[in-house]
Structures are given as structure tokens and as C-alpha cells.
Amino acid sequence: MRVCIDTHPGGANPNEDWVAGTPTLAMVLDGLSTAGLATGCRHGVPWYVAHLGGQLVSTLADLDRPLADGLADALERVAAMHPECDLNAPGTPSATVAILRHGQEALDHLVLADSPIVFDGSRDYAVITDLRVDKVLPELRAEVEQHETHTSGHREALQRFVLAQRQVRNTTDGYWVAASRPEAAEHALTGTTPLREVHSAAVMSDGVSRLVTEYEMATWSEVFTTLQAAGPRELIQTVRKVEATDPTGRRWPRYKSGDDATIAYCQW
């Protein structure tokens, strides 16, 4: 498998996405925004995604190991790296996870939260994503979207929303992400697709997928045409050009003017 990767921060803050590609693995982690709130951890989200990503590459070196088992092991290892932090705090650093593994005759996938994997199939495009987060706290989400970005009203509404999200994160009443508890891996979406049914695939953060799903400024066919012709960097630049036409979120209400954008484009 050949994997082309690129990642770009959404603004001046450090990039909280992480990406890796090997001959058998493509993975993207999207660190959850803290909205400026305390996390109980002195390391921060970029540290967390980098260490979790590195441990995932290690735990999944055995190609026969189930992806969820490797994720659970990686979560436990990272938790052991910073026991002095309050790992039970609701805001402990966390991330989405999207993993694609290339086998001899099949593709295994794991998705935890809303970083999607998209297959360019022999008949159509298939999107694998976990949108449970979109079903929680719709009233507070709508409150955030009433404000333009970079305003005090937006910042305050976003903090209220994130505080409330933290109370239902990794619970049966909410949604699941990678954080400090290995049991979160049990709630990931996993599956296998015959290799013969897929021409190529893209693993991405929602900072890229929103070009199709939220902005509706491209189709998946156009996304894969760009990836094949010019690669991930050109696709991310397309996202940025679209966002530059709406810097305050009037047309497309959102949490940030530009989110961290990451993609791993896979061909074989």
C-alpha cells in the first residue's frame, strides 16, 4: 500500500491532528478541542495524539491483531506514561481515531468518533464514520452556531457546549472517543472490506471531510480526482480557499474559522 499524507493546522494554535502511513497502515487522529478549558493534564492534546499514534503503530505491527485490541492496548500504554495527571478528569485529552489496514486480500477498518474513512469503490463511494457525537446536546450546539466565530458570544457558548459534552463523553448516554480508558476501543466501529472492491481510500479528519459533508462545495468524486491528480496538500488548500470566503462562519456556522485538516490517501 502506498500512503500519501499531509496535515495542516487550522490557525495559529498547534496542530492537534496526527497522521501516519506505513505499507500496511494509514491512521488519522483528531484531538478534541479544549476550548481553553482545564484538562487535568499538564501535557496537552498535541502530546496526547502524538503518543497515542506512536503506540498504535507499535501495537498494530502484528497484522493479525484485531484493530480494537491494538487500540485498547495503546490507550493503556499512553495512560501509563502520565500517571501524575488526573486521567479521570472529564476533560482529559482525547481524540478521534480512524485506522485502515491493508491485508493480502482485504482492508480492515476502525473508526471511533467522526474522522471518516472513504472508499473509492468499484461501484460508488462508501463513507465509514461514527456520528454519535452529533446526536448529543443539540440545543447547546445550536447556541454555538448562532454566533460568528471570533466573538465573545461564540467563545462563551462553545465553552458551555464543551463542558456539557465532557459529562457525556465515553458514557452510554453520549459518545465514545479515545481518552484514558481502554474500554473505549470496544465501542469503535470495525469491519472488513474485500480489497477487490476498492480502488483507493482516504482516511481523514473532519477538517477535510467537511468540504463535502458541511460546506457541500465538492463531491466525493471530485475529492478523489484531486487526490489522484495533485495529492493531499492540494485538497487541504481547496478547503482553506473555501473557508476564506466565510471567515466568520456566517454561511457555514462552525466552532473555528478553520479546523486542523489531515488526510492519508491510500493506493495499491
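All chains use their own residue numbering, which begins from 1 and follows the written sequence. With the structure being a predicted model, the display of local features is reserved for residues of pLDDT at least 70 and the display and counting of side-chain atom pairs for 80 or more, all residues being used for whole-chain, interface and lining totals. Hydrogens are left out, water is left out, and the side-chain values use all remaining heavy atoms of the structure.

> Even after reading the chapter, I still don't get the side chain of Thr 262, so can you show me in this structure?
Each helix is a run of DSSP H or I of at least 4 residues and each strand a run of E of at least 2, with the numbering of both proceeding from the N terminus. Relative to the helices and strands, Thr 262 resides in strand S10 (residues 261-267). Accessibility expressed as a relative area gives 0% for Thr 262, which makes it buried. Within the local environment of Thr 262, its side chain forms a polar contact with the side chain of Thr 7, the two groups lying 2.6 Å apart. Pairing of N or O atoms within 3.5 Å defines a polar contact, subject to two protein rules: one partner must be a possible hydrogen donor and the other a possible acceptor, and residues neighboring in sequence count only if both atoms are side-chain atoms. A polar atom in the side chain of Thr 262 sits 2.7 Å from the side chain of Asp 17. Non-local contacts of Thr 262, meaning those with residues more than four positions away in its chain, are made with Asp 6, Thr 7, Asp 17, Trp 18, Val 19, Val 28, Val 203, Met 204, Ser 205, Val 208 and Ile 236. Any residue under 20% of the maximum accessible area for its type is buried, any over 50% is exposed, and the rest in between are partly exposed; the area is computed with a 1.4 Å probe on protein chains only. Contact definition: two residues touch when any of their heavy atoms are within 4.5 Å.

> Got a minute to help me understand the side chain of Asp 73 in this structure?
Tracing the backbone through its elements, the reader meets Asp 73 in helix H2 (residues 67-81). Each residue touching Asp 73, except ones within four places of it in the same chain, is listed here: Thr 59 and Arg 65.

> How should I be thinking about the pattern of salt bridges in this particular structure?
For side chains of opposite charge, pairing can occur when their charged atoms come near one another. Here, a salt bridge means any Lys or Arg side-chain nitrogen found within 4 Å of an Asp or Glu carboxyl oxygen. Using the criterion set out here, one finds 15 salt bridges in the structure. Among the ionic pairs, Asp 206 bridges to Arg 210, the shortest N-O distance being 3.6 Å. Of the two residues, Asp 206 and Arg 210 both sit in helix H5 (residues 206-213), four residues apart, roughly one turn of that helix. Linking Asp 259 and Arg 210 is a salt bridge whose minimum nitrogen-to-oxygen distance equals 3.5 Å.

> Where do I start with the environment of Leu 189 in this structure?
Secondary-structure assignment places Leu 189 in strand S8 (residues 189-194). Note on Leu 189: relative accessible area 33%, which makes it partly exposed. Counting along the chain gives 47 residues from Leu 189 to Ala 142, while the straight-line C-alpha distance between them is 27 Å. Discounting residues that sit within four places of it in the chain, Leu 189 has contacts with His 109, Leu 110, Val 111, Thr 129, Asp 130 and Arg 132.

> Mind showing me how you'd approach the sheet that holds strand S5 (residues 106-112) here?
Sheet strands pair by backbone hydrogen bonding; their relative direction is either parallel or antiparallel. Here five strands make up an open sheet; going across it, the order is S2-S3-S4-S5-S8 and the pairing antiparallel. Two strands lie at the open edges of the sheet, namely strand S2 (17-21) and S8, each paired on one side alone. The mean inter-strand angle of the sheet, taken between neighbouring strand axes irrespective of direction, is 10 degrees. In this scheme, strands are said to pair when DSSP sees at least two bridges between them. Relative to strand S4 (residues 95-102), strand S3 (residues 25-31) runs antiparallel, the two sharing seven bridges. Note that in S4 the partner of Leu 29 across the bridge is Val 97. Axes here refer to lines fitted to C-alpha atoms; in helices the fit is confined to the stretch in contact. Angles between the N-to-C directions go from 0 to 180 degrees. Most of the contacts of H2 go to S5, to which it runs at about 45 degrees, and overall it touches S4 and S5.

> In this structure, what is going on with the sheet that holds strand S9 (residues 198-204)? I would like to understand it.
Pairing is antiparallel in the open sheet, where five strands are placed in the order S1-S10-S9-S6-S7. The sheet terminates laterally at strand S1 (2-8) and strand S7 (125-128), the two strands that pair on one side only. Taking the axes of each pair of neighbouring strands and ignoring which way they run, one obtains an average angle of 15 degrees across the sheet. Two elements, S9 and S10, share five bridges in a ladder whose sense is antiparallel. Following the sheet pairing, Ala 201 is matched in S10 by Cys 266. Across the sheet, H5 lies against S9 and S10, angled at about 80 degrees from S10, the strand it touches most. In the packing of helix H6 (residues 220-230) onto the sheet, contacts are made with strand S6 (117-121), S7, S9 and S10, and the angle to S9 comes to roughly 90 degrees.

> Whenever I open this one, the packing of helix H1 (residues 45-59) against H2 confuses me. Can you help?
To characterise two packed helices, one gives the angle between the axes of the helices and the distance between these axes. Here H1 crosses H2 at 135 degrees, and the two axes come no closer than 9 Å. Overall, the two elements H1 and H2 adopt an arrangement that is oblique. Handedness of the H1/H2 crossing: right-handed. For the pair H1 and H2, the contacting residues are Trp 47, Tyr 48, His 51, Leu 52, Gln 55, Leu 56, Ser 58 and Thr 59 in the first and Gly 70, Leu 71, Asp 73, Ala 74, Leu 75, Arg 77, Val 78 and Met 81 in the second. Under the scheme applied here, ten amino acids are nonpolar (Ala, Val, Leu, Ile, Met, Phe, Trp, Tyr, Cys and Pro), four are charged (Asp, Glu, Lys and Arg), and all others, including Gly, are polar. When the residues that make up the contact of H1 with H2 are grouped by side-chain class, the tally is nine nonpolar, five polar and two charged. In this scheme, roughly parallel covers angles under 35 degrees and roughly antiparallel covers those over 145, while 65 to 115 is roughly perpendicular and the rest are oblique. A clockwise turn of the near helix away from the far one marks a right-handed crossing, whereas an anticlockwise turn of less than a right angle marks a left-handed crossing.

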